[in-house]
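# Results of the structural survey
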Amino acid sequence: MLEILYQDEHLIAVNKPAGMLVHRSWLDRHETVFVMQTLRDQIGLHVFTVHRLDKPTSGVLLLALSSEVARLLSQQLEQHQMTKVYHAVVRGFVMEDGIVDYALTEERDKIADKFADIDKAPQPAVSHYRVLARQEMPVAIGRYDSARYSLVELTPQTGRKHQLRRHMSHLRHPIIGDTAHGDLKQNRGMAQHFGCSGLMLHASQLQLPHPVTGEMLTIRARWDSRWQQLIERLGWQGAVSELERVEFPLNSGQDSQTIFG
């Protein structure tokens, strides 16, 4: 069962688990569980995708409950009326806040994009990042006797494929668990020493004007147990207190402008 963060007659937002595909794809024929089908069965209504999260990314996923609302939300997305905030654990010490303005060439799938234009110019891509916490742990990974990590808040200004993962790699602070653009030694070390595997990228918050009422919505998704355990292990409790899990259920806040998962 998916955790529902917000729902009304027009749209619904869920906390997508890491490792779960949003919808069925012929490129992933071996997969049997998808957000769209699971949510449809859970609420008894057809749902329409508005945006996507990569399979290994967890967090806020917004879906429409009608094709018309899906169209309105897609327009908002294209017009940059939605603000997305992510959190990530990255390799090394990120020393200061900053902006990455680094154009990205389109990543193509060997099969799905077989006939795509291979000469397409790099597309503008801008990401903002903010350092929240740093920690050095006394574990040997690769040639170093200790491992350094940073917790960062990421806000993409554009929406290129794997933008945040590629931008953090460009800064030489790849996201832990990124098998495509990351540090494989650090990924293995994180699993070995901290029991944490998978991409440490979480879609924490989505802010947008409601496509029907115009009310400003701020929807947040708390960290799952994997994130919570690593945050505690690295001593980062309190760094982003609104995303930490608690032992007792909180009011969903659906009568206010901020919705917590």
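None of the values given here were measured: they were computed from a predicted structure.

Turning next to the overall build of the chain. Helix and strand counts for the chain come out as five helices and 11 strands. Buried positions account for 46% of the 261 residues belonging to the chain. With the model as given, the accessible surface of the chain reaches about 13,700 Å², and the carbon-plus-sulfur share is 48%.

So, about the pairing of strand E8 (residues 147-156). Looking along a regular strand, one sees side chains alternate from face to face of the sheet. For E8, the tally of buried residues reaches eight of 10 residues, placing the bulk of the element in the interior. Summarising the sheet, strand E5 (residues 83-91) and E8 pair through six bridges and their orientation is antiparallel. Opposite His 87, over in E8, you have Glu 153 as the bridge partner.

The subject of this paragraph is the packing of aromatic side chains. Two aromatic rings are characterised by how far apart their centres lie and by the angle between their planes. Evaluated as defined, the whole model comprises two aromatic pairs. Here Tyr 149 and Phe 194 contribute two aromatic rings whose centre-to-centre distance is 6.0 Å and whose plane-to-plane angle is 85°, an arrangement assigned as edge-to-face. Of the two residues, Tyr 149 sits in strand E8 while Phe 194 sits in helix H4 (residues 184-194), which places them 45 residues apart along the sequence. With centroids separated by 5.3 Å and ring planes inclined at 15°, the aromatic side chains of Trp 223 and Trp 227 adopt a geometry described as stacked.

As a further point, take helix H1 (residues 35-43). Within H1, the full set of buried residues consists of Val 35, Met 36 and Leu 39. The buried residues of H1 occupy an angular sector of 90° when the element is viewed end-on, so they sit on one face. Here the buried face of H1 lies against strand E2 (11-16), strand E3 (48-49) and strand E4 (58-64). Of the residues one or two after H1, Gly 44 is the one with positive phi, at around 75°.

Next up on the list: empty space enclosed by the protein. Considering all chains together, one arrives at one cavity of 30 Å³ or more under this definition. Roughly 50 Å³ of volume is contained in the largest cavity. What lines the largest cavity is His 51, Val 60, Lys 84, Tyr 86, Ala 203, Gln 205 and Leu 206. Looking at the lining of the largest cavity, the elements with two or more residues in it are E5 and strand E9 (201-209). The leading source of residues in the lining of the largest cavity is E9, at three residues. Considered class by class, the residues forming the lining of the largest cavity number four nonpolar, two polar and one charged.

Next up on the list: the pattern of salt bridges. Evaluation of the coordinates by the stated rule reveals nine salt bridges. Lys 120 is the partner of Glu 106 in a salt bridge, and the nearest nitrogen-oxygen pair spans 3.5 Å. In this pair, Glu 106 sits in the loop between strand E6 (98-101) and strand E7 (126-137) while Lys 120 sits in the loop between E6 and E7, placing the two residues 14 residues apart along the sequence. You can call Glu 106 partly exposed: its relative accessible area is 35%.

For the chain, per-residue confidence averages 90 on the pLDDT scale, and residues scoring 70 or more make up 86% of the total. Note on residues 248-256: pLDDT is under 50 here. Beyond four places in sequence and across chains, it has 11 contacts.

Quick look at the environment of Glu 232 now. Checked against the element boundaries, Glu 232 lands in helix H5 (residues 225-233). Owing to a relative accessible area of 42%, Glu 232 belongs among the partly exposed residues under this scheme. A C-alpha to C-alpha distance of 9.8 Å links Glu 232 and Glu 244, two positions 12 residues apart in sequence.

Negative phi is the rule for most residues except glycine; trans is the rule for most peptide bonds. Its identity as a non-glycine residue notwithstanding, His 80 has a phi of 60°, on the positive side. Note on placement: His 80 falls in the loop between helix H2 (67-78) and E5. Accessibility expressed as a relative area gives 57% for His 80, which makes it exposed.

The next subject is H2. For H2, built from 12 residues, the straight-helix expectation of 16 Å at 1.5 Å per residue is met to within 8% by its first-to-last C-alpha distance of 16 Å. Here H2 has its buried residues at Val 69, Ala 70, Leu 73 and Gln 76. With its buried residues spanning 120° around the axis, H2 presents them on a single face. The outward face of H2, more than 90 degrees from its buried face, is lined by the exposed residues Ser 67 and Glu 78. Contacts made by the buried residues of H2 are with E2, E3, E4 and E9. Immediately downstream of H2, the backbone of His 80 shows phi near 60°, a positive value.

Rules of the game
Residues numbered from 1 in each chain as written. Predicted model: local features only at pLDDT ≥ 70, side-chain atom pairs only at ≥ 80, totals over all residues. Heavy atoms only, no water. Helix = DSSP H or I, 4+ residues; strand = E, 2+ residues; numbered from the N terminus. Buried < 20%, exposed > 50% of the residue type's maximum accessible area, 1.4 Å probe, protein only. Areas by Shrake-Rupley, 256 points an atom, 1.4 Å probe, with all protein chains shown as cover. Pairing = 2+ DSSP bridges. Phe/Tyr/Trp six-rings, centres within 6.5 Å; stacked < 30°, edge-to-face > 60°. Arc of directions from axis to C-beta. Contact = heavy atoms within 4.5 Å. 1 Å grid on protein atoms, 1.4 Å probe; cavity = no way out; pocket = protein on both sides within 12 Å on 5 of 7 lines; lining within 4 Å. Points joined across faces, edges and corners; volume = space filled by probe spheres on them. Nonpolar A, V, L, I, M, F, W, Y, C, P; charged D, E, K, R; others polar. Salt bridge = Lys/Arg side-chain N within 4 Å of Asp/Glu carboxyl O. pLDDT = per-residue confidence, 0-100. Expected span 1.5 Å × (residues − 1).

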